[in-house]
Amino acid sequence: MARGVKRRIVSDERATTRDPADPRLLFRPGNGQWYVADGERWYTPATEQDLDALLTLLPAEVLDEQLLASVGSNGGIVRVVDNGDAPTLEFLSSFGELVRRTANLLPGLNHVVAEWVTGAHPDSWVETTANLRLDGVRRCQLTVFLPDGGDEQLGDKELAVQIPKGRRTTVDIHHLRRGEKTTIDLYRSRSAAKGTVLTLQTSTPEPADDDRPLGFIAVDLKGLA
């Protein structure tokens, strides 16, 4: 169960700006268990899927067993309910009775969105010009892949990323190599993005029998708060 600790623990300002009454995700190394503390009660994630969602939605804390003065009383289970764009937490007693439900978005957290607006397709191909919208994001990473082209001698490409910053627009250039995955930082900022739209322009289209001007294959897209 400790698989997500190292990559999920946060030590930035979010931990200090959260309301003390907000739910907290806790990990006890002593027994290898995860809990969500709500007041004086500790709730166990109902399923592995709920834990995966909680690791995404809540900053996690690793408890120091030597400094732990007391353990919260058993509250029952907690589950994540996906209400479209507004996930909520439901706290249930050990008998399955609903104790309480958080309202709308989880309290104290920004809703993190990194999504393609134009130029991306279900088969993972992204056109030579595409737009990406960011909300609640401080860092955005994109992993791309360029096919090697087989017998054709195809060159590498350049990817230009236009980032609006107030009244200015900055342009970052990234080199994409053939036949390998490339992970790039599209966006980094101390403050969370608010409706920020990035424009991605690939230097040349693929010489493919396709009506679309194909730039690259999007392997993975991550928006981090």
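Provided above is the structure to which this section pertains.
Okay, so let's go over this structure.

A word on the nonpolar core. Leu134, Leu142, Leu186, Leu198, Leu200 and Phe216 are the most contacted members of the largest nonpolar core, which has 21 residues in total. At the level of secondary structure, the elements contributing two or more residues to this core comprise strand 9 (125-135), strand 10 (139-145), strand 11 (157-165), strand 13 (181-188), strand 14 (194-202) and strand 15 (214-224). Take this core: its biggest share by element is four residues, from strand 9. Setting aside chain neighbours within four positions, we find Leu186 in contact with Leu132, Cys140, Leu142, Val161, Ile163, Leu198 and Leu200. Of all hydrophobic cores here, the second largest spans 14 residues; its members include Trp34, Ala60, Leu89 and Phe91.

Here the focus is the sheet that holds strand 6 (residues 88-92). An order of 4-1-2-3-5-6-7 is seen for the seven strands of this open sheet, with the pairing classed as mixed. Of all the strands in the sheet, the pair left with one neighbour each is strand 4 (60-62) and strand 7 (98-101). Pairs of neighbouring strands in the sheet enclose a mean axial angle of 35°, with direction left out of account. Note: strand 6 against strand 7, three bridges, orientation antiparallel. Paired with Glu90 across the two strands is Arg101, which belongs to strand 7. Against the sheet, helix 3 (residues 48-57) contacts strand 1 (24-28), strand 2 (33-38), strand 3 (41-45), strand 5 (73-81) and strand 6, and its axis sits at roughly 85° relative to strand 5.

The next subject is unusual backbone geometry. The phi torsion at Ser124 lies on the positive side, around 80°, for a residue other than glycine. If you trace the backbone, Ser124 turns up in the loop between strand 8 (113-120) and strand 9.

Each value, and the rule that gives it
- Residues numbered from 1 in each chain as written.
- Predicted model: local features only at pLDDT ≥ 70, side-chain atom pairs only at ≥ 80, totals over all residues.
- Heavy atoms only, no water.
- Core = buried A, V, L, I, M, F, W, Y, C linked by side-chain atoms within 4.5 Å.
- Buried < 20%, exposed > 50% of the residue type's maximum accessible area, 1.4 Å probe, protein only.
- Helix = DSSP H or I, 4+ residues; strand = E, 2+ residues; numbered from the N terminus.
- Contact = heavy atoms within 4.5 Å.
- Pairing = 2+ DSSP bridges.
- Axes fitted to C-alpha atoms, helices over the stretch in contact; angles between N-to-C directions.

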